[in-house]
Amino acid sequence: MPEPTAAPAPSPGPAPQHCPTPRELDDLELLVTGALAPLRGFDEPGSPVSLALPADLADADVVELVDPEGLPLARATRGPAGSRVVEPLSRSEYGPFRRLHLSPVEVRAQHAGRTVVPVSDALTVEQAAELRALGPVLLLTLCGTGLSALSPVALVRATLTAAEDLDAVVVAVPLASHGDAETDHRLGVQVAATYAGDDPVHGLRADGEPDARVAAIVEQDQPAPDEQGLVLFFTGLSGSGKSTLARALMDRLLEAGSRSVTSLDGDVVRRHLSAGLTFSKADRETNIRRIGWVAAEISRHGGVAVCSPIAPFDETRQQVRAMVDEARGAFFLVHVATPLEECERRDRKGLYAKARRGEIPEFTGISSPYEEPEDADVRVDTTGRTIEAALDDVLDALDEAGLIPRTPEVEEPRNEESRDHTPPVVEERVQRASRDQAPLNVLFVCTANICRSPYMELRARQLAGDSATVRFTSAGTHGFDQHPMDPEMATGLIAHGVDPAGFTSRPVSRQLVAAADLVLTAEAAHRTILLEDDPGGFRKIYTLGQFVEGVRRLPEDVRGRDLIEQVGRHRGNADPALDVQDPYRRGPEAAAAASAHLDELLAAAVDRLV
Ligand SMILES: Nc1ncnc2c1ncn2[C@@H]1O[C@H](COP(=O)(O)OS(=O)(=O)O)[C@@H](OP(=O)(O)O)[C@H]1O
Ligand SMILES: Nc1ncnc2c1ncn2[C@@H]1O[C@H](COP(=O)(O)OP(=O)(O)O)[C@@H](O)[C@H]1O
C-alpha cells in the first residue's frame, strides 16, 4: 500500500489521550513554538524528535497529547512516512520559570538586537567575563530533560544568578537530550539560530569555575552520593530474607539519624498501596511499578526508600530503576539470592507447603517464575549465615558505592552516652564559606601525642616550608598534657634536621576537632574514637593512610580545601591495613619503620594541601 501523502481527516469521536514522557513533552513544546523549525512534528524522516505511543494507540489516526495532569496540549495526527503532525490546543501555564519560556517569535519581538548565547551548564567566572565583553546578550538556557548535568530548574536558577551582573536577558528553552552529544549539539545550534534570526550567536568556551553564588546552586542540586536520594531495592524469593535484612538496615539508618527512611515492604504494601491486587503477572507488575513510583518520589526529595518485594520480573525492575533515575535518585539493587531449597526449608509462613499442595496458584519459585537479576549491586545468599553477616555484605557494598559510608553509628548501634546532636551537614556548608580565606587547620592525632602525631606535625611543617596556607597541630586520644616527644621518634626528626625540643603533648578535645578543617589519625581506632564524639565529622576525619589513598585517586590539580572536599565525597574505607603502627617502647627499628611510613604518607598529603 502506498504511503499517505497528507494527514488523513481525523476520525469522528473523541481522540484517545496519551501523556508523553518528560522528554517528549519538552519536544512538543519546542515543536509547537517553532523553536525546532523546520521540524513541525514528531518522527519526521531522519529526525531524532520522536514520540513513542503505547501499542494500543500506535494505529490511531489522531491522539490527544495531555500533560501529566490531563490538560490537552496538542493533537498529534498521522502524517506522511509515519510522522505525527502536531496541532497545538493549549499552552502549559505551570512549572518553575514558565514566564521565561518564550517562543522565537516572542524573543524577536521583545529582545531583538542582543547576541544570542546558548547556555547548558552553570556559567563560570571566565564565561561571565566573556559575556561582558559581548555587550547586551540573550542567554538561551537549554534546560530540557537530560541535556545538562544540572536539573532544569537549577540550570535556570544558576543562569539567572550569573546574569545579575550582566546586561543579559534569560530565556528558558526546554531542549531535551536525544541520546548522543553530536545530535544534541546539532539541535542546539539549530534552535539557537532560530531564536537569533538576524542577531549573532556566540558559543561560550568551556572554561573555569562558577563564582560562589552559582557554585552554591550547583552544590545543592548535585548532592554528594551519600546525601543523594536513594532507593534500596531488595529482590528475592519469598523467605529469602528480604524483609529481615531490609528491616535490620533500616534500623541502623534510623539509629544513625542522618537520613530520612521509608519502608516499602512487600507484604505491607500489599495491605495498603496495592490492596486487592492478585499474584498474576500483570498485577505483580502493577504492584512493583507502584512501589517504584513512590520510592522514586521519596528519592527525588533526598530520602531513602527501602523496598523489599519479590519483584520477580527483570523488565519491571528496570522500569523502577528508570523511574528513580528520572527522579535523580540512586538505585541500589540487592539480590537476596537464598536458593529455593533453603527458602522452602524455612517456610516461615507455611506458604511453600501450600503451594506444593496446589493450594496457592502462581507461587514464585514453584508455579510462577523468578528472573534472577544480572544487574544486582550486591548478591547475598543468607544460607547458613547470621543476619549480621549478611547485612555486613550489604553495608560493605553500599559503602563501596559511596552511598552510605560505614561510619561508627551505621556500623553498630551507639549507646546513650555517646549520642551527639552534631550540626547537620547543611550548617557545615554555611560555615565553610566564611572559612575559605583562613589558613587550613590540620590536626594530627595518635594515642598519647608523644610518638607519631608530633612527628606528623613537625615533619609536615618542614615539608610545607613557609607556606602560610596551612597550620599543622597535633593531639592524643589518651594523652597526658605537657609530655616531651618520645626520644626514639625524636631521633627520626632530628635526622631530617627538625628540632623537637620545644614540643609538649596535649589531649585531644571536641574544640580542637571542631576547629580543624582536616583531622588525620595514625590508626583507624583513633578515627573511631573521634567519630564517636563527632559523628558528623566523617567528611574531615580520616586515617592518614585513608586520606592519602583518596588523594591519589584525584587529579594532581585538586588541592587545598577542594582536595578535602573531594576526598570527602569519594573516600574509601579506613582500612586498618593502612594504619601507621605504634612504635612506642618497641625499640629503634619500630621507630624507624614508623618514621619511614609517615614520611611516605606525609610527602603525598602535604604537597597537595599547601
Ligand atoms: N502466589 C504467591 N507468590 C508469591 N508470594 C505470595 C503468593 N501469595 C502470597 N504471597 C505472599 O506475598 C508476598 C509477596 O508479595 P510481593 O508483593 O512481594 O510479590 S510481587 O513482588 O508482587 O511478586 C510473599 O511475602 P514474602 O515472603 O515477604 O516475599 C508471600 O508471603
Ligand atoms: N542470614 C539471614 N538473613 C536474613 N534472614 C535469615 C538469615 N538466616 C535466617 N534467616 C531467616 O529467614 C527468614 C526470612 O524471612 P523474611 O525476611 O520474611 O524473608 P522475605 O521477606 O524474603 O520473605 C526469617 O525467619 C529469618 O530469621
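Our subject is the structure listed above.
Owing to the predicted nature of the structure, the values given are computational and were not obtained by experimental measurement.

The next subject is the nonpolar core. Grouped together as the largest cluster of nonpolar side chains are 42 residues, with contacts concentrated most on L544, F547 and L609. Of all the elements in the fold, those that place two or more residues in this core are β14 (440–446), α16 (452–464), β15 (470–476), α17 (487–495), β16 (518–521), α20 (544–553), α21 (560–569) and α22 (587–609). When neighbours within four sequence positions are excluded, L609 is seen to be in contact with L440, V442, V470, L518, F547, G560, L563 and I564. Core analysis: the second largest hydrophobic core is formed by 34 residues, L25, L31, V169 and A192 among them.

Right, let's get into the site of ligand 1. Not every one of the 22 residues close to ligand 1 is listed here, only the nearest: S238, R270, R284, N287 and E362. Separating an oxygen atom of ligand 1 from a side-chain N or O atom of S238 is a distance of 2.6 Å. One nitrogen or oxygen atom from the main chain of I310 is found 2.9 Å from an oxygen atom belonging to ligand 1. Here ligand 1 loses 93% of its free accessible area of 620 Å² to cover by the protein chains. When residues of the shell around ligand 1 are traced back to their parent elements, those giving at least two are α7 (242–256), α8 (266–271) and α9 (281–300). Taken together, the residues of the shell around ligand 1 sort by class into 10 nonpolar, 6 polar and 6 charged.

A word on the packing of aromatic side chains. A complete count under the given rule lists 4 aromatic pairs for this structure. Aromatic pair Y352 and F363: ring centres 5.0 Å apart, planes at 75 degrees, arrangement edge-to-face. Of the two residues, Y352 is situated in helix α12 (residues 351–356) and F363 in the loop between α12 and β13 (378–380); the sequence distance between them amounts to 11 residues. Classification of F363 as buried rests on a relative accessible area of 9%. With a centroid separation of 5.7 Å and an interplanar angle of 35 degrees, the aromatic rings of Y542 and F547 are classed as tilted. Each member of the pair, Y542 together with F547, is buried. A cation over a ring is seen here: R270 above F279, with NZ or CZ 3.7 Å from the ring centre.

Next up on the list: the site of ligand 2. Around ligand 2, a shell composed of 16 residues is seen, among which G239, S243, T244, R348 and R385 lie nearest. At 2.7 Å, a backbone N or O of G239 approaches an oxygen atom of ligand 2. Between G241 and ligand 2, the recorded distance is 3.0 Å, taken from a backbone N or O atom to an oxygen atom. Alone, ligand 2 offers 570 Å² of accessible surface; in the complex the protein occludes 83% of this. Put simply, the parts of the chain that give the shell around ligand 2 at least two residues each are α7 and α13 (387–400).

Strand order across the open sheet formed by 5 strands is β1-β3-β4-β5-β2, with mixed pairing between neighbours. For this open sheet the edge positions go to β1 (17–18) and β2 (41–42), each flanked by a neighbour on one side alone.

Tallied over the entire structure, the rule returns 0 disulfides. With no disulfide partner, C446 has as its closest neighbouring cysteine sulfur the one in C451, 6.8 Å distant.

The sheet built from 4 strands is open, its strands ordered β15-β14-β16-β17 with parallel pairing. Every interior strand has two partners, whereas the edge strands, β15 and β17 (541–543), have only one. On average, each strand axis in the sheet is inclined to that of its neighbour by 25 degrees, with strand direction left out of account. Here 7 bridges tie β14 to β15, and the two strands are oriented parallel to one another. By the bridge assignment for β15, V442 is matched with F472. Contacts from α20 reach β16 and β17 within the one sheet, and its direction differs from that of β17 by about 95 degrees. The strands touched by α22 within the sheet are β14, β15 and β16, with β14 carrying the most contacts at an inclination of about 160 degrees.

This part covers unusual backbone geometry. A cis amide bond, omega 10 degrees, links A37 with the succeeding residue P38. Inspection of the secondary structure puts P38 in the loop between α1 (22–33) and β2. Look at F97: it is not a glycine, yet its phi comes out positive at around 60 degrees. Take F97: it is sitting in the loop between β5 (84–88) and α2 (104–111). Phi is positive for A311, which is not a glycine, with a value near 45 degrees. Looking at where A311 falls in the secondary structure, it is placed in the loop between β11 (304–308) and α10 (314–326). The buried category is assigned to A311, whose relative accessible area is 2%.

Further remarks concern the pairing of strand β4 (residues 72–78). A regular strand carries its side chains on alternate faces of the sheet. The pairing of strand β3 (residues 62–66) with β4 spans 5 bridges and is classified as antiparallel. Bridge pairing in β4 links V63 to A76. Between the antiparallel neighbours β3 and β4 lie 5 residues, among them G70 with a positive phi of about 95 degrees. In this sheet, β5 lies alongside β4 in antiparallel orientation, the contact comprising 5 bridges. From the neighbouring strand, T77 faces β5, where its bridge partner is V85. Hairpin connection from β4 to β5: 5 residues lie between these consecutive antiparallel strands, with A81 at a positive phi of about 50 degrees.

Turning our eyes to something else, we now look at the pattern of salt bridges. Under the criterion given, the structure shown has 34 salt bridges. As a salt-bridge pair, E523 and R452 come within 2.7 Å of each other at their nearest N and O atoms. Pair noted here: E523 is in the loop between β16 and α19 (524–533) and R452 is in helix α16, with a separation of 71 residues, a long-range link. The burial state of E523 is the same as that of R452; both residues are buried. One continuous salt-bridge network, built from bridges that share partners, spans E164, D165, D211 and R213.

Conventions used here
- Residues numbered from 1 in each chain as written.
- Chains lettered and ligands numbered in written order.
- Predicted model: local features only at pLDDT ≥ 70, side-chain atom pairs only at ≥ 80, totals over all residues.
- Heavy atoms only, no water.
- Core = buried A, V, L, I, M, F, W, Y, C linked by side-chain atoms within 4.5 Å.
- Buried < 20%, exposed > 50% of the residue type's maximum accessible area, 1.4 Å probe, protein only.
- Helix = DSSP H or I, 4+ residues; strand = E, 2+ residues; numbered from the N terminus.
- Contact = heavy atoms within 4.5 Å.
- Near = heavy atom within 4 Å.
- Polar contact = N/O pair within 3.5 Å; in protein donor to acceptor, adjacent residues only side chain to side chain.
- Areas by Shrake-Rupley, 256 points an atom, 1.4 Å probe, with all protein chains shown as cover.
- Nonpolar A, V, L, I, M, F, W, Y, C, P; charged D, E, K, R; others polar.
- Phe/Tyr/Trp six-rings, centres within 6.5 Å; stacked < 30°, edge-to-face > 60°.
- Lys NZ or Arg CZ within 6 Å of the ring centre and 35° of its normal.
- Pairing = 2+ DSSP bridges.
- Disulfide = S-S within 2.5 Å.
- Axes fitted to C-alpha atoms, helices over the stretch in contact; angles between N-to-C directions.
- Salt bridge = Lys/Arg side-chain N within 4 Å of Asp/Glu carboxyl O.

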